[in-house]
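Each chain is listed here by its residues.
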Amino acid sequence: FRSNGTAQPIDLADVSVAADGTVTIAGQDLSQLAQGQLTVTMSVRDDAGNAGTATDTTTRDTIAPATGDNKNSITFNDGGDELVNASEATSVTLSGKVEVGNTVTGVVITDSQGASITVPMSAVTVAADGTVTIAGQDLSQLAQGQLTVTMSVRDVAGNAGTVTDTTTLDTVAP
């Protein structure tokens, strides 16, 4: 295996060849290799002494989507003032992005008292370019103060993670 120029040799005891020529390599620890493309090259020689190689690639991705990864995000559309007032609270939209190919698996909005609203997946739209749009949500029944949205995301490699944003619900007149 080779990753970013770093080679990891394979012990021949881990290699088996079936009668039909299928090669299986078992028990390899790839945890020390870098994230990204991995290349495996096998050198072979037939009974007549002819040499050749077979090469294959795969991607090592063990990093879950997360807030701040610059690939996945969620944001309250609160006008940029980080406040949701009484006139906005009954139809708050959210927007964000996911890395192309990732899947949004859930969205929950939680208030400072622990009460929450689970956004129905029918209200979540993910465009082909990864743009996420969430239709207006009624947050007026949540407690005043900080609200946190948590969007759960699964990447194409199956890694699950979350991204979050906060805003302040303030529907009480001064």
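Quantities reported herein were computed from a predicted structural model and do not represent experimental measurements. The written sequence of each chain sets the order in which its residues are numbered from 1. At least 70 in pLDDT is required for a residue's local features to be given in this predicted model, at least 80 for side-chain atom pairs to be given and counted, and no such filter applies to totals for whole chains, interfaces and linings, which use all residues. Just so you know, side-chain values use all the structure's heavy atoms and leave hydrogens and water out.

Peer 1: How do you make sense of unusual backbone geometry when you look at a structure like this?
Peer 2: Glycine aside, residues mostly have negative phi, and peptide bonds are mostly found in the trans state. The phi angle at Asn 70 is positive, at roughly 60°, despite the residue not being glycine. Classification of Asn 70 as exposed rests on a relative accessible area of 66%. Only protein chains enter the accessibility calculation, which uses a 1.4 Å probe. A residue is then buried if its area is under 20% of the maximum for its type, exposed if over 50%, and partly exposed in between.

Peer 1: Teacher, can you tell me more about the sheet that holds strand β11 (residues 116-118) here?
Peer 2: Strands pair in a sheet through their backbones, by hydrogen bonds, and they do so in one of two ways: parallel or antiparallel. At least two bridges found by DSSP between two strands are what make those strands a pair. The numbering of helices and of strands both runs from the N terminus, where a helix is a DSSP run of H or I of at least 4 residues and a strand a run of E of at least 2. The five strands lie next to each other as β8-β15-β14-β10-β11, forming an open sheet whose pairing is mixed. Lying at the two open borders of the sheet, with one neighbouring strand each, are β8 (83-84) and β11. Taken together, the eight bridges between strand β10 (residues 103-111) and strand β14 (residues 145-154) define a ladder with antiparallel strand orientation. Paired with Ile 109 across the strands is Val 149, a residue of β14.

Peer 1: So what exactly am I meant to see when it comes to the layout of surface pockets here?
Peer 2: The probe, sized like a water molecule, is rolled over the atoms to show the empty space still left. Reported here for the second largest pocket is a volume of approximately 280 Å³. In this analysis a 1.4 Å probe is tested at points of a 1 Å grid over the protein atoms alone, and where it fits but cannot get out there is a cavity; an open set with protein on both sides within 12 Å along at least five of seven lines is a pocket; lining residues have an atom within 4 Å of a point. What lines the second largest pocket is a set of 16 residues, among which Asp 61, Ile 63, Lys 71, Glu 99 and Asp 155 lie closest to the centre. Residues are sorted three ways: Asp, Glu, Lys and Arg are charged, Ala, Val, Leu, Ile, Met, Phe, Trp, Tyr, Cys and Pro are nonpolar, and all the rest, Gly among them, are polar. Residues of the lining of the second largest pocket, tallied by class, amount to five nonpolar, five polar and six charged. Grid points are joined across faces, edges and corners, and a volume is the space filled by probe spheres set on the points.

Peer 1: Explain the nonpolar core to me, please; I cannot follow it from the model alone.
Peer 2: For soluble globular proteins, nonpolar side chains are generally found buried alongside one another. Core analysis: the biggest nonpolar cluster contains 23 residues, and Phe 76, Val 107, Ile 109, Ile 134 and Met 151 have the highest contact counts within it. The set of elements that each furnish at least two residues to this core consists of β7 (73-76), β9 (92-97), β10, β13 (131-137), β14 and β15 (160-169). The dominant element in this core, judged by the number of residues it contributes, is β14, at four residues. The contact rule is simple, with two residues in contact once any of their heavy atoms fall within 4.5 Å. With sequence-adjacent residues up to four places away left out, Ile 109 is seen in contact with Phe 76, Leu 94, Ala 115, Ser 116, Ile 117, Val 119, Gln 137, Leu 139, Leu 142, Leu 147, Thr 148 and Val 149. As used here, the term nonpolar core means buried Ala, Val, Leu, Ile, Met, Phe, Trp, Tyr and Cys residues forming a set that is joined through side-chain atoms within 4.5 Å.

Peer 1: Please explain the sheet that holds β9 as it appears in this structure.
Peer 2: In space, the four strands of this open sheet follow the order β7-β9-β13-β12, with antiparallel pairing throughout. Bordering the open sheet on either side are β7 and β12 (124-126), each of which pairs with just one other strand. Direction aside, neighbouring strands of the sheet carry axes that sit 15° apart on average. Inspection of the sheet shows β7 paired to β9 by four bridges, in the antiparallel sense. Note on β9: the bridge partner recorded for Ile 74 is Gly 96. Between N-to-C directions, angles cover 0 to 180 degrees, with each direction set by a line fitted to C-alpha atoms, over the stretch in contact for helices.

Peer 1: In this structure, what is going on with the environment of Ala 115? I would like to understand it.
Peer 2: Positionally, Ala 115 belongs in the loop between β10 and β11. Here the alpha-carbon distance between Ala 115 and Ile 134, two residues 19 residues apart in the chain, equals 20 Å. Excluding residues within four positions of it along the chain, Ala 115 makes contact with Ile 109, Thr 110 and Leu 142.

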